[in-house]
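Coordinates in review
Here's the letter readout for the chains.
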Amino acid sequence: AGVPVVSFTASYKCLIGGGGYTGADGISFNFAPDLPAGTITEQGAGTGLTVAFETFLNGVTAPSLDVMVAGNQVATAILPNGIRTGSEWVDVVIQLNPNNSLTVTYDGAYVYSNLDLTAYGYIPAGGSQFGFGARTESFFDNHWVDNLSITTLTNAQPFVNSFAPQGRAVATTNTIDIVLTDY
C-alpha cells in the first residue's frame, strides 16, 4: 500500500557451486522500489539496497559480500573461505533493522553486524520489492535458493540484534545467545 518497510528479516538456504573451473559470477539479494521485471545480475538492480555475493574475481575483490545502496558499493567484506559451497547448503540471513542498520550472516558467520546504512543515504522507500539476480557469463555455476522466508515490518519494534551460534559447525551442546534491542 505504499508504506515503507522499515525492517525485514530474510532467511534462506543457499548453494553456490558445481560449475566450471572457477565458477562465476555470483548472486544478489535486492530490495528496491524500482526492480526491473527482467534480468537482475549478481551486481543487483534498482535504487534501493543490494547484497551481492561475488564469487568471481572480475574486479578488485572476490570472493566477497558487497553492500550497495542505490547502485553504489558502500561496503565490501572478503570471505577468506569463499562463497562457493560446492554441494553444501548454507544458511543466509539478511536483516534490515528498524534503526536502519544491516546485519548479514553467511554460513553462521557474521559478515556485517549492524552496518549503519543511514551514513550511505539509504532510506526505506514505499513500494519496494524483493528480488534475486545471478549471472555466470562464459563460466558455469549453480546458484540455488531454498526455504526462503521474508518477514517485514512497517513500524519500528524491538528486534533480534544478534544470535549465536549459527551454521553447519554448531554443536548440539552449545548454548544459544540472543541479544534483543528495543527500538
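Our structure's up above, just so we're on the same page.
Everything in this summary refers to the structure shown in the same document.

Reading the values: the criteria
- Residues numbered from 1 in each chain as written.
- Predicted model: local features only at pLDDT ≥ 70, side-chain atom pairs only at ≥ 80, totals over all residues.
- Heavy atoms only, no water.
- Helix = DSSP H or I, 4+ residues; strand = E, 2+ residues; numbered from the N terminus.
- Core = buried A, V, L, I, M, F, W, Y, C linked by side-chain atoms within 4.5 Å.
- Buried < 20%, exposed > 50% of the residue type's maximum accessible area, 1.4 Å probe, protein only.
- Contact = heavy atoms within 4.5 Å.
- Patch = residues over 30% accessible without salt bridge, like charges linked within 9 Å, V, L, I, M, F, W, Y side chains within 5 Å.
- Areas by Shrake-Rupley, 256 points an atom, 1.4 Å probe, with all protein chains shown as cover.
- Salt bridge = Lys/Arg side-chain N within 4 Å of Asp/Glu carboxyl O.
- Phe/Tyr/Trp six-rings, centres within 6.5 Å; stacked < 30°, edge-to-face > 60°.
- Pairing = 2+ DSSP bridges.
- Axes fitted to C-alpha atoms, helices over the stretch in contact; angles between N-to-C directions.

**Some thoughts on unusual backbone geometry**
The residue aspartate 107 is not glycine, and still its phi comes out positive at about 55°. You will see that asparagine 147, though not glycine, has its phi angle at about 55°, which is positive. Turning to its location among the elements, asparagine 147 is positioned in strand β10 (residues 142-153).

**What to know about the nonpolar core**
With 31 residues, the main nonpolar core has Phe53, Ile94 and Tyr106 as its most contacted residues. For this core, the secondary-structure elements that each account for two or more residues are β1 (7-17), β2 (26-32), β3 (49-54), β4 (64-69), β5 (72-78), β6 (90-96), β7 (101-106) and β8 (109-116). Per-element accounting of this core gives the leading share, five residues, to β1. Setting aside anything within four residues of it in sequence, one finds phenylalanine 53 in contact with Tyr12, Asp25, Gly26, Ile27, Ser64, Leu65, Ile83, Val92, Ile94 and Tyr106.

**Side note on a nonpolar patch on the surface**
A contiguous nonpolar patch, built from Val160, Ile176, Ile178 and Leu180 and spanning about 410 Å² of accessible area, is present on the exposed surface. Structurally, isoleucine 176 can be placed in the loop between β11 (159-164) and β12 (177-181).

**Some thoughts on the packing of aromatic side chains**
Tallied over the entire structure, the rule returns eight aromatic pairs. With a centroid separation of 5.9 Å and 45° between ring planes, the pair formed by phenylalanine 29 and phenylalanine 130 is classed as tilted. Residue phenylalanine 29 is located in strand β2, and its partner phenylalanine 130 is located in strand β9 (residues 129-135); the two are separated by 101 residues in the primary sequence. Residues phenylalanine 29 and phenylalanine 132 carry aromatic rings whose centres are separated by 5.5 Å and whose planes lie at 75° to one another, so their mutual orientation is edge-to-face. In this pair, phenylalanine 29 sits in strand β2 while phenylalanine 132 sits in strand β9, placing the two residues 103 residues apart along the sequence.

**As for the environment of glycine 18**
Residue position: glycine 18 is located in the loop between β1 and β2. Residues glycine 18 and phenylalanine 140, 122 residues apart in the sequence, show an inter-C-alpha distance of 8.1 Å. Discounting residues that sit within four places of it in the chain, glycine 18 has contacts with Arg84, Gly86, Asp141 and Asn142.

**Focus: the sheet that holds β2**
One key point about sheets: their strands pair by backbone hydrogen bonds, in either a parallel or an antiparallel sense. Spatially, five strands are ordered β5-β4-β3-β2-β9 in an open sheet, and the strand pairing comes out antiparallel. Whereas interior strands pair on both sides, the edge strands pair on one side only; in this sheet they are β5 and β9. Across this sheet, the average inter-strand angle for adjacent strands is 15°, counted without regard to direction. In this sheet, β4 lies alongside β3 in antiparallel orientation, the contact comprising six bridges. Opposite alanine 52, over in β4, you have aspartate 66 as the bridge partner.

**Comments concerning the pattern of salt bridges**
All told, the structure shown has three salt bridges when counted by the stated rule. One salt bridge connects arginine 135 with glutamate 42, and the closest N-O pair in it is separated by 2.8 Å. Of this pair, arginine 135 sits in strand β9 while glutamate 42 sits in the loop between β2 and β3, placing them 93 residues apart in sequence. Several salt bridges converge on common partners, so that one network encompasses Asp25, Glu42 and Arg135.

**Side note on the sheet that holds β6**
Sheet architecture is open: five strands sit in the order β8-β7-β6-β1-β10, paired in antiparallel fashion. The sheet is open, and its two borders are formed by β8 and β10, each paired with just one other strand. Across this sheet, the average inter-strand angle for adjacent strands is 10°, counted without regard to direction. Across seven bridges, the pairing between β1 and β6 is antiparallel. In the sheet register, cysteine 14 faces β6, and the bridge partner there is valine 90.

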